[in-house]
Amino acid sequence: EKIYIKNKINGVVSNLTHNPIQEQKDSYLWFMNNIMKTTDKLEEDYICIFLTLSLPSKFHQWVKKTKKPNCRYKKECTIEKGYELLNQCLRTIYKNFRINRKWEKSYITRVIEPHHDFTPHLHGLIFVKKEFVEQMISHIKSIVKHFKLGKQKDIQIMKDTKKGVGYISKYIRKTQNPNNEQVFHKMNGWKKTH
């Protein structure tokens with residue numbers, strides 16, 4: 001799509017082009033560059049925990065295996081409410097992590113993407129000091145149970161923070177670095193709508 005601008009004084013016509021797909025790809029590169037800079041600083045003292053969180057059955061309109069309507073689905077469990085629930089859970093994990101009643105700093109990044117039925121799920125990285133890994137895993141499990149999230153969850157310790165970044169970049173690439181225009185419009189529309 002091109003936009004033409006005419007200078008009223010000298011009559012010169014210039015054009016601006018807007019390529020949303022290229023803009024999204026540039027955004028992806030900027031995001032990945034910032035994650036890599038952060039992990040370089042954390043390399044020695046921190047371990048990366050890769051986390052996947054999903055919503056309970058009542059948020060899923062369709063059963064993945066049978067592709068039939070889900071009898072447990074509740075209409076009030078919208079995509080927006082699911083999105084907020086996942087974000088709230090991750091914020092609680094981050095804000096409530098304490099060692100000996102003192103808040104312990106950790107670093108997080110996450111990407112939320114749709115399932116086959118457009119229900120959101122979350123992939124995240126939590127960077128925590130090596131000596132607190134077991135406490136963080138226990139904390140994550142406790143918070144996930146408190147929020148009554150779906151049974152599909154994954155918690156993996158990545159000994160190398162760079163591997164953790166590589167792992168999550170696969171999911172970020174799906175939503176931020178589309179390989180074709182159809183995928184771009186599908187993901188962009190989903191994000192803007194929800």
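Residues numbered from 1 in each chain as written. Predicted model: local features only at pLDDT ≥ 70, side-chain atom pairs only at ≥ 80, totals over all residues. Heavy atoms only, no water.

Participant: Explain the environment of Arg110 to me, using residue names and the numbers behind them.
Facilitator: Mapped onto the secondary structure, Arg110 falls in strand 6 (residues 107-114). A sequence separation of 58 residues divides Arg110 from Ile168, and the C-alpha atoms of the two residues are 8.0 Å apart. For Arg110, the residues in contact, after removing those within four places along its chain, are Asn87, Leu90, Leu122, His123, Gly124 and Ile168. Within the structure, Arg110 has its side chain in polar contact with the side chain of Asn87 (distance 2.9 Å). (Helix = DSSP H or I, 4+ residues; strand = E, 2+ residues; numbered from the N terminus. Contact = heavy atoms within 4.5 Å. Polar contact = N/O pair within 3.5 Å; in protein donor to acceptor, adjacent residues only side chain to side chain.)

Participant: Describe the nonpolar core, and please don't skip the residues or the numbers.
Facilitator: Residues Ile93 and Leu149 are the most contacted members of the largest nonpolar core, which totals 28 residues. Counting residues per element, this core draws most heavily on helix 3 (residues 133-147), at 7 residues. Apart from the residues lying within four places of it in its own chain, the contact partners of Leu149 are Leu53, Ser54, Leu55, Pro56, Leu85, Leu86, Cys89 and Val144. Counting residues in hydrophobic clusters, the runner-up holds 13 residues, among them Met32, Ile35, Leu125 and Val165. (Core = buried A, V, L, I, M, F, W, Y, C linked by side-chain atoms within 4.5 Å. Buried < 20%, exposed > 50% of the residue type's maximum accessible area, 1.4 Å probe, protein only.)

Participant: So what's going on with helix 2 (residues 79-95)? Which residues, and what values?
Facilitator: Look at helix 2: 24 Å from first C-alpha to last across 17 residues, which is about the 24 Å you get at 1.5 Å a residue. Inspection of helix 2 places Gly82, Leu85, Leu86, Asn87, Cys89, Leu90, Thr92 and Ile93 among the buried residues, and these make up the whole buried set. Looking at the packing, one finds that the buried side of helix 2 touches strand 3 (46-53), strand 6, strand 7 (120-129) and helix 3. (Expected span 1.5 Å × (residues − 1).)

Participant: Tell me about the layout of surface pockets, residues and numbers included.
Facilitator: One number sums up the size of the largest pocket: a volume of about 650 Å³. Every residue lining the largest pocket is counted, 20 residues in all, and those nearest its centre are Leu55, Ser57, His60, Lys64 and Gln152. Among the residues making up the lining of the largest pocket, the classes are represented as 5 nonpolar, 10 polar and 5 charged. (1 Å grid on protein atoms, 1.4 Å probe; cavity = no way out; pocket = protein on both sides within 12 Å on 5 of 7 lines; lining within 4 Å. Points joined across faces, edges and corners; volume = space filled by probe spheres on them. Nonpolar A, V, L, I, M, F, W, Y, C, P; charged D, E, K, R; others polar.)

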